[in-house]
Amino acid sequence: MADKIAKLGRERSLQTLAQRLFVIDGPDATAKLRHAEAALLRANPDLAKADGFSSGKPVVVPGDIGLAATDRIEKARESASGLLDETGVRLDLASKAFAQRFDTAGRGDAAKLEKIADRTFVQKLQKALPETAAILPKTRETLGKRAEEGKDRAERFSKSIAEAQEKLAALRALAERQR
C-alpha cells in the first residue's frame with residue numbers, strides 16, 4: 001500500500017494517532033502500537049514535539065509497515081480537484097521534509113567548522129596526529145564549499161516547489177472552469 005495522507009483531528013500524541021490510523025489488536029498489540037508510532041515518527045518528524053500536533057494538519061501515513069489501515073484515513077476524492085488537493089499537500093510535506101534536511105545538514109557543517117576553528121581542539125588533534133596540519137585547511141575549504149552548495153540547493157529546491165505550487169494553482173483554475 002502506498003503512503004496516504006491523513007489530517008490530524010484532536011490527537012495530541014503519537015499513541016492516539018497510531019490507534020486512530022492503524023488496526024492494532026491481538027496479543028502483540030503493544031508491539032504493533034510501538035511499530036506504528038515509530039513509522040509515523042519517521043514519516044513525520046515534526047510529531048516528536050507537542051506543537052507538531054495541530055488540528056487539520058496533514059500527516060503522512062506510511063503504507064509499507066505491515067499494518068492494516070483503518071477506515072479513518074481519508075481517501076482522495078476521485079476527481080481532478082481531489083487529485084490536485086492531494087498533490088498540493090504532498091508538495092507541502094516534501095517541501096517541509098527537504099527544508100528540515102537542508103537545515104540539519106547546514107547546522108552539521110557549521111558545527112564542524114566551529115570545531116575545527118577551536119584552537120584547543122586543533123592543538124590536541126595535531127598533537128595526536130601531526131599530519132592533520134596539512135589536512136585542516138583543505139577540510140575547512142571543503143566544508144565551506146559544501147555549506148554554500150547546500151544553501152544554493154535549498155534555495156533552488158524552494159523555488160522549484162513554489163513554481164510547482166503555482167502550476168498546480170493554474171491547473172486548479174483550469175479544472176474549475178471546466179465544470
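The coordinates are above.
Residues numbered from 1 in each chain as written. Predicted model: local features only at pLDDT ≥ 70, side-chain atom pairs only at ≥ 80, totals over all residues. Heavy atoms only, no water.

Asks: Got a minute to help me understand the packing of aromatic side chains in this structure?
Replies: Aromatic rings considered in pairs are described by the distance between their centres and by the relative angle of their planes. Counted under the stated rule, the structure contains 2 aromatic pairs. Pairing Phe 98 with Phe 157 gives two aromatic rings, centres 4.7 Å apart and planes at 55°, and the pair type is tilted. Here Phe 157 lies in helix H5 (residues 132-178) and Phe 98 lies in helix H3 (residues 80-117), a separation of 59 residues in the sequence. Given the relative accessible area of 23%, Phe 157 is considered partly exposed. By way of ring pairs, the aromatic residues Phe 98, Phe 102 and Phe 157 are connected into one cluster. For Arg 101, the ring lying beneath its charged end belongs to Phe 98, and the centroid distance is 5.7 Å. (Phe/Tyr/Trp six-rings, centres within 6.5 Å; stacked < 30°, edge-to-face > 60°. Helix = DSSP H or I, 4+ residues; strand = E, 2+ residues; numbered from the N terminus. Buried < 20%, exposed > 50% of the residue type's maximum accessible area, 1.4 Å probe, protein only. Lys NZ or Arg CZ within 6 Å of the ring centre and 35° of its normal.)

Asks: How should I be thinking about the side chain of Lys 57 in this particular structure?
Replies: Looking at the element boundaries, Lys 57 is found in the loop between helix H2 (29-43) and strand E2 (58-61). Its relative accessible area of 13% is what places Lys 57 among the buried residues. Sequence-distant contacts of Lys 57, defined by excluding residues within four places in its chain, comprise Ala 6, Lys 7, Leu 8, Asp 46, Leu 47 and Gly 52. (Contact = heavy atoms within 4.5 Å.)

Asks: Quick question: what am I supposed to make of the pattern of salt bridges here?
Replies: Opposite charge on two side chains allows them to pair when their charged atoms are near. This model, assessed by the stated rule, comprises 10 salt bridges. Among the ionic pairs, Lys 32 bridges to Asp 28, the shortest N-O distance being 3.8 Å. A relative accessible area of 22% places Lys 32 in the partly exposed class. Looking at Asp 28, the relative accessible area reads 40%, which means it is partly exposed. (Salt bridge = Lys/Arg side-chain N within 4 Å of Asp/Glu carboxyl O.)

Asks: Would you mind showing me how to read the environment of Lys 115 here?
Replies: Topologically, Lys 115 is positioned in helix H3. In this structure the C-alpha to C-alpha distance between Lys 115 and Thr 139, which are 24 residues apart in sequence, comes to 11 Å.

Asks: How do you make sense of the side chain of Glu 11 when you look at a structure like this?
Replies: In this fold, Glu 11 is placed in the loop between strand E1 (4-7) and helix H1 (14-21). Overall, the relative accessible area of 6% leaves Glu 11 in the buried class. Only 2.5 Å separates the side chain of Glu 11 from the backbone nitrogen of Gly 9, close enough to count as a polar contact. Discounting residues that sit within four places of it in the chain, Glu 11 has contacts with Thr 16, Leu 17, Arg 20 and Phe 53. (Polar contact = N/O pair within 3.5 Å; in protein donor to acceptor, adjacent residues only side chain to side chain.)

By themselves, these observations are geometric and do not establish any function.
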